[in-house]
Amino acid sequence: MDNVYLVSVVKFVMYVAIVLISVILIGWLERRISAFMQNRTGPNRVGPFGLLQILIDVVKLLLKEDIVPKSANKRIHDLAPIISIAVALSTFAVVPFGNTIEMFGSEVKLMIADVNVGILYMLSITSLGVYGLTLAGWASNNKYSLLGGLRSSAQMISYELSMGLSIIGVLMVSGTLRLDQIVLHQTSYLGGWLPAWNIFLQPVAFITFAVAAFAETNRLPFDLPEAEPELVAGYHTEYTGLKFGLFMLAEYSNVITASAVIVTLFLGGWHLPYAEYLGLSPFGLSILQILTFCVKVALVILFFIVVRWTIPRFRYDQLMNLGWKVMLPVAIANVLVTGLVLLVI
Amino acid sequence: MDLYIIVFYLFALITLASAAIVVISKNIVYSAFALLFTFFGVAGLYVLLMADFIAVTQLLIYVGGILVLLLFGVMLTTKVIRVDMRTATVRTFPAVVIVAALAGTLIGIFWSTDWPQSPASDGFERTIPQIGEMLLTSYLLPFEIASVVLLVALIGAAMIARRERKAL
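Cut-off values and rules
Residues numbered from 1 in each chain as written. Chains lettered and ligands numbered in written order. Predicted model: local features only at pLDDT ≥ 70, side-chain atom pairs only at ≥ 80, totals over all residues. Heavy atoms only, no water. Helix = DSSP H or I, 4+ residues; strand = E, 2+ residues; numbered from the N terminus. Buried < 20%, exposed > 50% of the residue type's maximum accessible area, 1.4 Å probe, protein only. Contact = heavy atoms within 4.5 Å. Areas by Shrake-Rupley, 256 points an atom, 1.4 Å probe, with all protein chains shown as cover. Axes fitted to C-alpha atoms, helices over the stretch in contact; angles between N-to-C directions. Parallel < 35°, antiparallel > 145°, perpendicular 65-115°, else oblique. Left-handed = near helix turned anticlockwise from the far one by under 90°. Nonpolar A, V, L, I, M, F, W, Y, C, P; charged D, E, K, R; others polar. Patch = residues over 30% accessible without salt bridge, like charges linked within 9 Å, V, L, I, M, F, W, Y side chains within 5 Å. Salt bridge = Lys/Arg side-chain N within 4 Å of Asp/Glu carboxyl O. pLDDT = per-residue confidence, 0-100. Expected span 1.5 Å × (residues − 1). Core = buried A, V, L, I, M, F, W, Y, C linked by side-chain atoms within 4.5 Å.

### Here we look at the overall build of chain B
No. 1: For chain B, the helix and strand inventory stands at 6 helices and 0 strands.
No. 2: Listed by position from the N terminus, the elements making up chain B come as α-α-α-α-α-α.
No. 3: The buried share of chain B, reckoned over its 168 residues, is 20%.
No. 4: Across chain B, every contact between residues at least 6 apart in sequence was considered, and the portion connecting residues at least 24 apart equals 60%.
No. 5: Approximately 12,600 Å² of chain B is accessible, and the part contributed by carbon and sulfur atoms is 74%.

Take a look at the structure:
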């Protein structure tokens, strides 16, 4: 029994360390790529290629004074960033980042929590993300913050529906709610050569899910909760220092988690096509699969960043129209078509 | 089994304490916010009872859906329209009668029910396929009736929201 706890603790610590380091790397990558796309230089002085710039920024945020507005609700103002970061970090618990590996003399599944209802857990935790933003906006006692917070709740509630419905298509194909089983289902080959990834089986669901994921992470083109020209900085206008840092951390952790979930559900998870024919030892194969997962997630994150600096922001009514009049019907039609096809086959 | 007992009392404490805040607090935003922890505690108790599907659905529907809308409404009314929403004690006598009747019923049920002392199963079983099949076979009629009720509520909400206002 002790062994189980030990393994969980090791996995958890490793996961948090990896996420925190990746957040720093993504922050650097985002600034370099945006600079490249806008024909600027970007951070290049601190460390090689400016890699240590974000580290310096973290230290700066830690040392800054924490300012709470006089008329703000102190308790909820403190609590909101904590909720945001807790929610952002807990979603990852059910994502499998590899098949199994030998650790402490036993076969260990490479996911933090092996839950029967993995996908539902993921959906329910992401739906809690609204609280951090809404409460931050409300507690700041600032009109811009409040509008940002309200926009975020409306946006997340609208896009959660199409997110859930696009997952149903995947569920119907794989017939399970366990994320490790969904990945295993994608390791076969269609017609003997095409990997049976869900992106090939469920292309429409992939598109609706990816769009909804962008909306859920509040990234451009859906970053209305913090639209700078209209709302100063939206829900985190009144935040400084470490609490502001926590919101940033939560945002980038959300991007990592969303990418990991997209990879798991649609891009074959840790599956590297034809790797099982290489004749590697089981341990080597496990390491290769973990690396494959990391590379896939990194590519999806890169996609997130490139989209942010390519596409302009939606207007609020366009956002709602897209969510309710385009995404939702498409997602429902996808469920119907998938059902019909499964019935015929 | 010691850890189990400790965790149970922890979740029970969270549920009861936050539920007390919901009722007692004068500030309605605090009440709505405390309800979040009540739902959380109940979800935790479901997990302890090995009902993972119910626990996750509890979070998804009550915390992620209903409570967000509730908080939304409360916050919009207090901040945007500047109505000071505070709860106060009014109509003590009818309230006492109704609460006494309700409490009596609940305590009666509490005493007369044979409470199971342990979860129905030792581990997390794959209950989702069974739940799905039951919903679409034995319990199809209640399931469909619930969906019709929800549809009626939806139409009612749309009617109220889109009603043409007559000139005052």
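### With respect to the packing of helix H5 (residues 143-174) of chain A against helix H8 (residues 203-216) of chain A
All names here are of chain A.
No. 1: Close contact between H5 and H8 brings their axes to 9 Å; oriented N to C, the two are set at 155°. One element, H5, and the other, H8, form an angle in the roughly antiparallel class. Handedness of the H5/H8 crossing: left-handed. Residue-level inspection shows Gln155, Met156, Tyr159, Glu160, Met163, Ser166 and Ile167 of H5 in contact with H8, the latter providing Ala205, Thr208, Phe209, Val211, Ala212, Ala213, Ala215 and Glu216.
No. 2: Tallied by class, residues from the contact of H5 with H8 come to 10 nonpolar, 3 polar and 2 charged.

### Some remarks on a nonpolar patch on the surface
Residues and elements named next belong to chain A.
No. 1: Taken together, the side chains of Ile21, Leu25, Leu51, Leu52, Leu55 and Ile56 present a nonpolar region at the surface, about 500 Å² in accessible area.
No. 2: Contributions of two or more residues to the nonpolar patch are made by helix H1 (2-37) and helix H2 (53-63).
No. 3: Within the secondary structure, Leu52 sits in the loop between H1 and H2.

### What about unusual backbone geometry?
No. 1: Phi is positive for A:Asn39, close to 60°, though the residue is something other than glycine.
No. 2: One can find A:Asn39 in the loop between H1 and H2.

### Some remarks on the pattern of salt bridges
Think of it this way: side chains of opposite charge can pair up when their charged atoms draw near.
Residue and element names in this part refer to chain A.
No. 1: For the coordinates displayed, the defined rule picks out 3 salt bridges over all chains.
No. 2: Between Arg308 and Glu30 there is a salt bridge, and its shortest N-O distance comes to 2.9 Å. Of this pair, Arg308 sits in helix H11 (residues 282-308) while Glu30 sits in helix H1, placing them 278 residues apart in sequence.
No. 3: Classification of Glu30 by relative accessible area gives buried; the value is 2%.
No. 4: A salt bridge links Asp78 to Lys243; its shortest N-O distance comes to 2.6 Å. Residue Asp78 is located in helix H3 (residues 74-90), and its partner Lys243 is located in helix H10 (residues 241-266); the two are separated by 165 residues in the primary sequence.
No. 5: Look at Asp78 and you get partly exposed, because its relative accessible area is 27%.
No. 6: Lys243 gets classed as buried once you look at its relative accessible area, which sits at 9%.

### Remarks on the confidence of the model for chain B
Residue and element names in this part refer to chain B.
No. 1: In the predicted model, chain B carries a mean pLDDT of 82, and the fraction of residues at 70 or more is 86%.
No. 2: Here helix H3 (residues 52-79) is the element of chain B with the lowest mean pLDDT, 80, and helix H4 (residues 92-112) is the one with the highest, 91.
No. 3: What the predictor reports for the complex is a pTM of 0.81 with an ipTM of 0.71.

### Here's the deal with H5(A)
No. 1: In a regular helix each residue adds 1.5 Å, so 32 residues correspond to 46 Å; H5(A) covers 46 Å between its end C-alpha atoms and thus fits that length.
No. 2: One or two positions beyond H5(A), positive phi appears at A:Gly175, with a value near 70°.

### Brief notes about the nonpolar core
Residues and elements named next belong to chain A.
No. 1: Within the largest apolar cluster, 93 residues are counted, with the highest numbers of intra-cluster contacts made by Tyr131, Leu135, Leu265 and Phe293.
No. 2: Element by element, the count of residues in this core is highest for helix H4 (residues 118-139), at 14 residues.
No. 3: With near-sequence residues (within four places) excluded, Phe293 lies in contact with Phe92, Val95, Pro96, Phe97, Ala260, Val263, Thr264, Gly269 and Trp270.

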